[in-house]
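Structural characterization, general
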Amino acid sequence: MTMTKDHIGGLIFLLLSIAYGYYARQIPLLPGDEFEPFHAQSLPNALAIIGAALALVLLITASKQPDDRLQLSGYHFLLVAKLLLLTVAFALALNWIGFLLATLLFLIGGYWLLGERRIKVLLIASVPFAVAIWFILTQLLDIYLAPGRLFAGLGG
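Everything in this summary refers to the structure shown in the same document. (Residues numbered from 1 in each chain as written. Predicted model: local features only at pLDDT ≥ 70, side-chain atom pairs only at ≥ 80, totals over all residues. Heavy atoms only, no water.)

1. Some words on the overall build of the protein
- Check the secondary structure of the protein and you find four helices and zero strands.
- Ordering the α and β elements of the protein from the N terminus gives α-α-α-α.
- Relative to a compact globule of 156 residues, whose C-alpha radius of gyration would be 15 Å, the protein shows 21 Å and is clearly more extended.
- Along the first, second and third principal axes, the C-alpha set of the protein runs to 65 × 55 × 25 Å.
- Scored against the burial criterion, the 156 residues of the protein give a buried share of 23%.
- Long-range pairs, those at least 24 residues apart, make up 65% of the contacts in the protein with a sequence separation of at least 6. (Helix = DSSP H or I, 4+ residues; strand = E, 2+ residues; numbered from the N terminus. Rg over C-alpha atoms; globule rule 2.2 N^0.38 Å. Buried < 20%, exposed > 50% of the residue type's maximum accessible area, 1.4 Å probe, protein only. Contact = heavy atoms within 4.5 Å.)

Written out as structure tokens, the structure is:
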């Protein structure tokens, strides 16, 4: 059997959908919710089923031509590893410096890794987006975002 990019993508998407479905079943329900037609697990379970079905469709309809084989040359695996490390650093920074500053640094770091070196462009591409997302989450949707451990005592 010839493994193509579509096969590998379908398998990865299928595995992610199965894992998502497994963890969706772990969402706690309130007493009596298991008898309701729609509860906290309904949408995640539906998404997992839809994702698995789409992955299976991709696996079935994937090209089997030898010309479509997976070739690893030309990919930038080091850049992908750096971006993954940046994502982990973002997750760790959220707890310490808060959402707004962590998001800002994450965006600047990501753009820098992707090749942008002009400070003005880095700031123009990062600051408005980070502030807009923060504003939407905290002011419009009223979602509490902790300020971070380093700034928790500064608010008064």
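Further notes follow.
2. A closer look at the packing of helix α3 (residues 77-113) against helix α4 (residues 119-140)
- Across the interface, α3 lies against α4 with an axial gap of 9 Å and an inter-helix angle of 145 degrees. Here α3 runs over α4; the crossing is right-handed. Residue-level contacts link Phe-99, Leu-100, Thr-103, Leu-104, Leu-107, Ile-108, Tyr-111 and Trp-112 of α3 to Leu-122, Leu-123, Ala-125, Ser-126, Val-127, Phe-129, Ala-130, Val-131, Ile-133, Trp-134 and Leu-137 of α4. (Axes fitted to C-alpha atoms, helices over the stretch in contact; angles between N-to-C directions. Left-handed = near helix turned anticlockwise from the far one by under 90°.)

3. Some details on unusual backbone geometry
- Positive phi values are uncommon outside glycine, yet Asp-142 reaches one of about 55 degrees.
- Along the chain, the position of Asp-142 falls in the segment after α4.
- Looking at Asp-142, the relative accessible area reads 66%, which means it is exposed.

4. Some words on the environment of Gly-98
- Note on placement: Gly-98 falls in helix α3.
- Placed 52 residues apart in sequence, Gly-98 and Leu-150 show a C-alpha to C-alpha distance of 8.4 Å.

5. Looking at the packing of aromatic side chains
- Taken as a whole, this structure holds two aromatic pairs when the rule is applied.
- Arranged with centres 5.1 Å apart and planes meeting at 80 degrees, the rings of Tyr-22 and Tyr-23 form a pair that is edge-to-face. When sorted by exposure, Tyr-22 lands in the same class as Tyr-23, which is exposed.
- For the pair Phe-90 and Phe-106, a centre-to-centre distance of 4.9 Å together with 40 degrees between the ring planes defines the contact as tilted.
- Above the plane of the ring of Trp-112 lies Arg-117, whose end atom (NZ or CZ) is 4.0 Å from the centre.
- Residue placement shows Arg-149 over the ring face of Trp-96; its charged tip is 4.7 Å from the ring centre. (Phe/Tyr/Trp six-rings, centres within 6.5 Å; stacked < 30°, edge-to-face > 60°. Lys NZ or Arg CZ within 6 Å of the ring centre and 35° of its normal.)

6. Observations regarding the packing of helix α1 (residues 5-24) against helix α2 (residues 42-61)
- Put simply, α1 and α2 touch, their axes get as near as 8 Å, and they point 160 degrees apart. Here α1 lies roughly antiparallel to α2, going by the angle between them. Helix-helix and strand crossings are classified by hand; for α1 and α2 the assignment is left-handed. On α2, the residues that touch Asp-6, His-7, Gly-9, Gly-10, Leu-11, Phe-13, Leu-14, Ser-17, Tyr-20, Gly-21 and Ala-24 of α1 are Pro-44, Asn-45, Leu-47, Ala-48, Gly-51, Ala-52, Leu-54, Ala-55, Leu-56, Leu-58 and Leu-59. (Parallel < 35°, antiparallel > 145°, perpendicular 65-115°, else oblique.)

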